[in-house]
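# Commentary on secondary and tertiary structure
Below, each chain spelled out in residue letters.
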Amino acid sequence: MGRRRRGDEAPVSFFSFQDVMMCTIGVTIVITMVLVLQLGAAAAKVSSTASAASASPDRTPLEQEAAEL
């Protein structure tokens, strides 16, 4: 009455494997986005430093960095 036959058992579910894969892909995407944003900010800083260096060649690099801060 309350017993099931073996053929009625639920098949093996790979849902937890899919969860792990989706989380891994999500973390990879987030890390990639953070790195791209940091590289963009670093490139902008380098280009602004280069333009500041060409504008005032009499300053030392340390003075230029202090003026930016």
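As a convention, each chain's residues are numbered from 1 in the sequence order in which they are written. Only residues with pLDDT of at least 70 get local features here, since the model is predicted, and only at 80 or more are side-chain atom pairs given and counted; chain-wide, interface and lining totals rely on the full set of residues. Water and hydrogen atoms were dropped before computing side-chain values, which therefore reflect all heavy atoms in the structure.

## Thoughts on the overall build of the chain
- Labels follow the DSSP assignment, with helices taken as runs of H or I lasting at least four residues and strands as runs of E lasting at least two, numbered in each case from the N terminus. Looking only at helices and strands, one finds 2 helices and 0 strands in the chain.
- Per-residue burial for the chain yields a buried fraction of 3% across its 69 residues.
- Carbon and sulfur atoms form 68% of the exposed surface of the chain, whose accessible area is close to 6,500 Å². Each residue is placed in one exposure class: buried if its accessible area under a 1.4 Å probe, protein chains only, is under 20% of its type's maximum, exposed if it is over 50%, and partly exposed if it falls in between. Every accessible area reported is derived by Shrake-Rupley at a probe size of 1.4 Å, with residue values counting cover from the shown protein chains alone.

## Some words on a nonpolar patch on the surface
- To count toward a patch, a residue needs a relative accessible area above 30% and no salt bridge. Like charges then connect within 9 Å, nonpolar side chains (Val, Leu, Ile, Met, Phe, Trp, Tyr) within 5 Å. A pairing counts as a salt bridge when a side-chain nitrogen of Lys or Arg comes within 4 Å of a carboxyl oxygen of Asp or Glu. A cluster of nonpolar side chains, Val12, Phe14, Phe17, Met21, Met22, Ile25, Ile29 and Met33, forms an exposed patch at the surface whose accessible area comes to about 880 Å².
- The residue Ile29 is located in helix H1 (residues 15–55) in this model.

This is a description of form; function is not addressed.
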